[in-house]
Amino acid sequence: MEQFLNSRQTEMLGLLEQLVNIDSGSRNKAGIDKVGSILKEAYVNLGFDVQTVSQEIQGDHLIIRHNDAKDPEILIVAHMDTVFRDGTAAERPFSVKDGRAFGPGVIDMKASLVSLLYAVQAIQDSGRPGLDNIEILLTSDEEIGSITSRPMIEAHAEGKKAALIMEPARKDGSLVSARKGGGDYTIRVHGIAAHSGIEPEKGRSATEELAHKIIKLHALTDYNEGITVNVGIIQGGDAVNVVTPEAVGYVDIRTTKLSQAEPLDRKIREICAVPDVEGTNITVEGAIDRPPMERTEGTARLIERIREIGAEIGIDVTDTATGGGGDASYTSAAGIPTIDGMGPIGGNAHREDEYLEIDSFVPRCRLLAETIVSLSEQ
């Protein structure tokens, strides 16, 4: 497979350039569907059946299985959407400099889409097993919380023995064996307006009440347990000389264990149930709805197998935990041994200087292919 992939690197970069130069932000259905159509044609030409799961607003999802597949044991998940606004691809299209490729979505995760496709081609060229043992989901809305794809991922995870998630490897090449879960809350405080100079005593400040709540919510953070609570945006008030009648706080929650979600949700609601400023009242919207990806025994065994595969082909495989959420959380919460970060190496995702380490393209593609083969042989 190494010789095959080395001979295809220029071709891989050409496809990557084509995909990067298509705007496919999560709200750009046409762009995502264009990316999907290119990949669909490629998989069909390789002997795969591609089912389109149509979406009205977001791009369509793709479910990909080899024509010979019956009960594939490996689920592979990748996403076609990016975080970038329309027009970004034209403003800073795909480019290569000093051994790195740049462009919107180049590492998160269009390089992974290419890597996955060529891993499949490499297995096919080698004649080794694995193609009938994989089910691939290409989704369209991961960057906005997998709104429509989550149920599909959870349904297709059922009965699988392993899940490989195609987010990029970390900057140091590490795979991801644990991710934080979490959710979002909106805290709305309702007070009473009054002139702050003439009759402030008649007002009830929503801003003051929100300030009390922010302090109490932030106190729920427990770094030792991997719990963080952050009120990242606050809004309120129309004029400096008015006691604020309305204020809003937007809260980000992160957890490391599934068991932390319910107690933390209860504490948040208890804090917001009792006002500190008499005469104000609070409504709470949201939930902790993304489970964490926990490093289970099954995941530990899977990472050890991939480490052995890496050693056989000259790749030192390490793994790490990360605070960001992802689709690996859903397969992990379903009890499936899950490894994330199976894409190429790169960094600065979601930024203008997002990059792919070109030298990692072929080796990480081969690692993926060898992992599929090894798990299928078992």
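Throughout, residues of each chain are indexed from 1 in the direction in which the sequence is written. Local features are withheld for residues below a pLDDT of 70 in this predicted model, meaning they are given only at 70 or higher, and side-chain atom pairs are given and counted only at 80 or more; totals for whole chains, interfaces and linings count all residues. Note that the side-chain values use all heavy atoms of the structure and ignore hydrogens as well as water.

Let's talk about the pattern of salt bridges
To keep it simple, the criterion reads: What makes a salt bridge here is a side-chain nitrogen of Lys or Arg within 4 Å of a carboxyl oxygen of Asp or Glu, nothing more. In this text, helices come from DSSP runs of H or I with a minimum length of four residues, and strands from runs of E with a minimum of two, each type numbered from the N-terminal end. Throughout this description, buried means an accessible area under 20% of the type-specific maximum (1.4 Å probe, protein chains only), exposed means over 50%, and partly exposed covers the range between.
Scanning all chains against the criterion turns up 27 salt bridges. Note that Lys-213 and Asp-276 form a salt bridge whose closest N and O atoms lie 2.5 Å from each other. Of this pair, Lys-213 sits in helix α7 (residues 206-218) while Asp-276 sits in the loop between α8 (261-273) and β14 (281-290), and the two are 63 residues apart along the sequence. Assessed through its relative accessible area of 0%, Lys-213 is described here as buried. The partly exposed category is assigned to Asp-276, whose relative accessible area is 33%. Two residues, Asp-265 and Arg-269, come together in a salt bridge whose shortest N-O distance is 3.1 Å. Here Asp-265 and its partner Arg-269 are both found in helix α8, 4 residues apart, which amounts to about one turn of the helix. Taking relative accessible area as the criterion, Asp-265 reaches 19% and is therefore assigned buried.

Digging into helix α6 (residues 149-157)
Inclusion rule: The arc in question is the one spanned by the directions pointing from the helix axis to the C-beta atoms. In this analysis, two residues are considered to be in contact whenever any of their non-hydrogen atoms come within 4.5 Å of each other.
Every buried residue belonging to α6 is among Ser-149, Met-152, Ile-153 and Ala-157, and all of these are buried. Taken end-on, α6 shows its buried residues confined to a sector of 130 degrees, consistent with a single buried face. Structurally, α6 contributes buried residues whose contacts are with β1 (48-53), β2 (61-66), β3 (74-79), β6 (134-139) and α10 (328-333).

Looking at the pairing of strand β8 (residues 175-179)
How we decide: Any two strands with at least two DSSP-identified bridges between them are counted as paired.
When you tally the buried positions in β8, you get 5 out of 5 residues, the bulk of the element. Pairing of β8 with strand β15 (residues 319-322) involves 4 bridges; the strand directions are parallel. Its bridge partner being in β15, Arg-179 is matched across the sheet by Thr-322.

Considerations on the side chain of Ser-360
Counting through the fold element by element, Ser-360 comes out in the loop between β18 (355-357) and α11 (361-377). Residue Ser-360 is classed as buried on the basis of its relative accessible area, which comes to 7%. Residues in contact with Ser-360, not counting those within four places in the same chain, are Pro-344 and Ile-345.

Here's the deal with the packing of aromatic side chains
The test is simple: Only Phe, Tyr and Trp rings take part, Trp by its six-membered ring, and two of them pair if their centres are within 6.5 Å. Stacked means planes under 30 degrees apart, edge-to-face means over 60, and tilted covers everything else. Counting as a charge over the ring demands two things of the Lys NZ or Arg CZ atom: a distance within 6 Å of the ring centre and an angle within 35 degrees of the ring normal.
Tallied over the full model, the rule gives 1 aromatic pair. Ring centres of Tyr-43 and Phe-48 lie 5.7 Å apart, and the angle between their planes is 75 degrees; this geometry places the pair in the edge-to-face category. Of note, Arg-100 hangs over the ring of Tyr-355, and the distance from its end group to the ring centre comes to 3.7 Å.

A short note on the packing of helix α9 (residues 297-313) against α11
Short version of the rule: Axis definition: a line fit to C-alpha positions, over the contact stretch in the case of helices; interaxial angles, taken between N-to-C directions, run 0 to 180 degrees. Note on terminology: angles under 35 degrees are roughly parallel, angles over 145 are roughly antiparallel, angles of 65 to 115 are roughly perpendicular, and the others are oblique. In this scheme the crossing of two helices becomes right-handed for a clockwise turn of the near helix relative to the far one and left-handed for an anticlockwise turn of less than a right angle. Side-chain classes follow a simple rule in which Ala, Val, Leu, Ile, Met, Phe, Trp, Tyr, Cys and Pro form the nonpolar group, Asp, Glu, Lys and Arg form the charged group, and the remainder, Gly included, forms the polar group.
Contact geometry for α9 and α11: axes closest at 10 Å, N-to-C directions at 120 degrees. What the angle tells us is that α9 and α11 run oblique. Both α9 and α11 take part in a crossing whose hand is right-handed. Residues Leu-302, Arg-305, Ile-306, Ile-309, Gly-310 and Ile-313 of α9 touch α11, and the partners they reach there are Arg-366, Leu-367, Glu-370, Thr-371, Ser-374 and Leu-375. Tallied by class, residues from the contact of α9 with α11 come to 6 nonpolar, 3 polar and 3 charged.

Focus on unusual backbone geometry
Keep in mind that most residues, glycine aside, have a negative phi and that most peptide bonds are trans. Cis geometry is found at the peptide bond from Asp-108 to Met-109, where omega equals -5 degrees. Looking at the secondary structure, you find Met-109 in helix α5 (residues 106-126). Phi at Asp-98 is positive, roughly 50 degrees, even though this residue is not glycine. When you line up the elements, Asp-98 lands in the loop between β4 (95-97) and β5 (100-102). Residue His-350 is not a glycine yet carries a positive backbone phi of 75 degrees. Here His-350 lies in the loop between β17 (346-347) and β18.

Let's talk about the environment of Arg-170
Structurally, Arg-170 is set in the loop between β7 (162-165) and β8. Residue Arg-170 is classed as partly exposed on the basis of its relative accessible area of 23%. Between the C-alpha atom of Arg-170 and that of Asp-132, which follows or precedes it by 38 residues, the distance is 29 Å.

Description of α11
Rules: What a helix should span is 1.5 Å times the count of its residues minus one.
Under the 1.5 Å per step criterion, the end-to-end length of α11 is 25 Å for 17 residues, consistent within 8% with the ideal 24 Å. The element α11 is extensively covered by neighbouring structure, given that 15 of its 17 residues are classed as buried.

Just distances and angles here, no functional claims.
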